[in-house]
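Per-entry structural report
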Amino acid sequence: MEQDLKKSVKPYIKQLDRKLAELKPLVDGYMTTPLDEALLRETDELKRLKLVNNYSYVLSSLMFSYVKLLSGHDTEGLNDKVMVELQRVRKYIERTKKLEQKLDKNVSDEELRKKEVQGQIRKTLTPSISKQNFKNKHIKFDDNRVSKK
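What you see as residue numbers is a count from 1 along each chain, following the sequence as written. Where local features are concerned, this predicted model is filtered to residues with pLDDT of at least 70; where side-chain atom pairs are given and counted, the filter is 80 or more; whole-chain, interface and lining totals use all residues. To obtain the side-chain values, all non-hydrogen atoms of the structure were used and water was disregarded.

**Side note on the overall build of the protein**
Rules: Helix and strand definitions follow DSSP, with helices as H or I runs of at least four residues and strands as E runs of at least two, each counted in order from the N terminus. Should any heavy atoms of two residues lie within 4.5 Å, those residues are counted as being in contact. Methods summary: accessible areas were calculated by the Shrake-Rupley approach with a probe of 1.4 Å, and residue burial reflects only the protein chains presented.
A count of helices and strands for the protein gives 4 helices and 2 strands. Element order for the protein, N to C, with α for helix and β for strand: α-α-α-α-β-β. Across the protein, the fraction of contacts at a sequence separation of at least 24, relative to all contacts at a separation of at least 6, is 48%. Summing over all exposed atoms, the protein offers an accessible surface of approximately 13700 Å²; the carbon and sulfur share of this is 57%.

Set out below in structure tokens:
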């Protein structure tokens, strides 16, 4: 029975080892500089927001994994608390995506308005009195009468 259990668990342990090996460079990237320094270096507000969201998501995910490893020893309801935190972080990430889409849309709308204004200015500045507009037409004004020749 114990041998069967070891055989059935081994593939999962190997997969966990592979996933941890993939995760290590990502976590190391976040660990090289403290969050406050990274935030001070970044000037773009949207990038700062994404950085904080990424830190929060990584920490919450690691805590979730840790609680799952403890599985039977969850006496303080850690699993529920971590899930609430993960949901909160996901909501912030969704809000950030919506904000980014809205900002992109505003930029494209602004560019469209600029092009429309430029077109109107060009139309306004092009001469409306030209030889083409009066070709073969001449209007003569005499004593309150208009006659075409």
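**Comments concerning the environment of Asp36**
Where we set the bar: Here's how the labels work: a residue is buried when its accessible area is under 20% of the maximum for its type, exposed when over 50%, partly exposed in between, all with a 1.4 Å probe on protein chains only.
Here Asp36 is to be found in helix 2 (residues 35-41). For Asp36, a relative accessible area of 52% puts it in the exposed group. C-alpha of Asp36 to C-alpha of Val52: the two residues are 16 residues apart in sequence and 9.8 Å apart in space.

**Points about the confidence of the model for the protein**
Counted only if it meets this: The predictor's confidence in any single residue is recorded as pLDDT, a number from 0 to 100.
In this model, the protein carries a mean pLDDT of 80, and residues with pLDDT of at least 70 account for 80%. When mean pLDDT is compared element by element in the protein, helix 2 scores highest at 88, while strand 2 (residues 145-148) scores lowest at 56.

**Notes on the pattern of salt bridges**
Put simply, the rule reads: One speaks of a salt bridge when a side-chain nitrogen belonging to Lys or Arg is within 4 Å of a carboxyl oxygen belonging to Asp or Glu.
The full count for this structure, using the stated rule, is 6 salt bridges. Ionic pairing is found between Lys114 and Glu110, a salt bridge with its closest N-O pair at 3.9 Å. Of the two residues, Lys114 and Glu110 are both situated in helix 4 (residues 78-125); the distance of 4 residues between them amounts to about one turn of the helix.

**Section: helix 3 (residues 45-70)**
Inclusion rule: Expected span of a helix, by definition, is 1.5 Å for each gap between consecutive residues, and there is one gap fewer than residues.
If you check helix 3, its first and last C-alpha atoms are 38 Å apart, about what 26 residues at 1.5 Å a residue would give, namely 38 Å. Of all the residues in helix 3, the buried ones are Leu46, Leu51, Asn53, Tyr55, Ser60 and Val67.

**Focus: helix 4**
Over its 48 residues, helix 4 runs 70 Å from end to end, which matches the ideal 70 Å to within 8%, given 1.5 Å per residue. Among the residues making up helix 4, those that are buried are Val82, Leu86, Val89 and Thr96. Elements in contact with the buried residues of helix 4: helix 3.

**With respect to the packing of helix 3 against helix 4**
Operational definition: Lines fitted to C-alpha atoms define the axes here, with helix axes fitted over just the stretch in contact, and angles between the N-to-C directions of these axes take values from 0 to 180 degrees. Oblique is the label for any angle not covered by the other classes, which are roughly parallel (under 35 degrees), roughly antiparallel (over 145) and roughly perpendicular (65 to 115). A crossing counts as left-handed when the near helix is turned anticlockwise from the far one by less than a right angle, and as right-handed when that turn is clockwise. Three residue categories are used. Nonpolar comprises Ala, Val, Leu, Ile, Met, Phe, Trp, Tyr, Cys and Pro, charged comprises Asp, Glu, Lys and Arg, and polar comprises the others, including Gly.
The geometry of helix 3 relative to helix 4 is characterised by a closest axis approach of 9 Å and an angle of 155° between their N-to-C directions. Here helix 4 runs roughly antiparallel to helix 3, going by the angle between their axes. In the packing of helix 3 onto helix 4, the handedness of the crossing is left-handed. Residue composition of the contact of helix 3 with helix 4, by class: 15 nonpolar, 6 polar and 5 charged.

**Observations concerning a nonpolar patch on the surface**
Heads up, the condition is: Patch building starts from residues that exceed 30% relative accessible area and form no salt bridge, then joins like charges within 9 Å and nonpolar side chains (Val, Leu, Ile, Met, Phe, Trp, Tyr) within 5 Å.
There is a patch of nonpolar side chains on the surface, built from Leu16, Leu20 and Leu69 and spanning about 310 Å² of accessible area. You can see Leu69 is positioned in helix 3.

**Quick look at a positive patch on the surface**
Which entries qualify depends on this criterion: Positive charge is attributed to Lys and Arg, negative charge to Asp and Glu, and no charge count is given to His or to the chain ends. The atom standing in for a charge is NZ when the residue is Lys, CZ when it is Arg, CG when it is Asp and CD when it is Glu.
Together, Lys7, Lys10, Lys14, Arg18 and Lys19 give the surface a local cluster of positive charge. Tracing the backbone shows Lys19 in helix 1 (residues 2-31). The partly exposed category is assigned to Lys19, whose relative accessible area is 46%.

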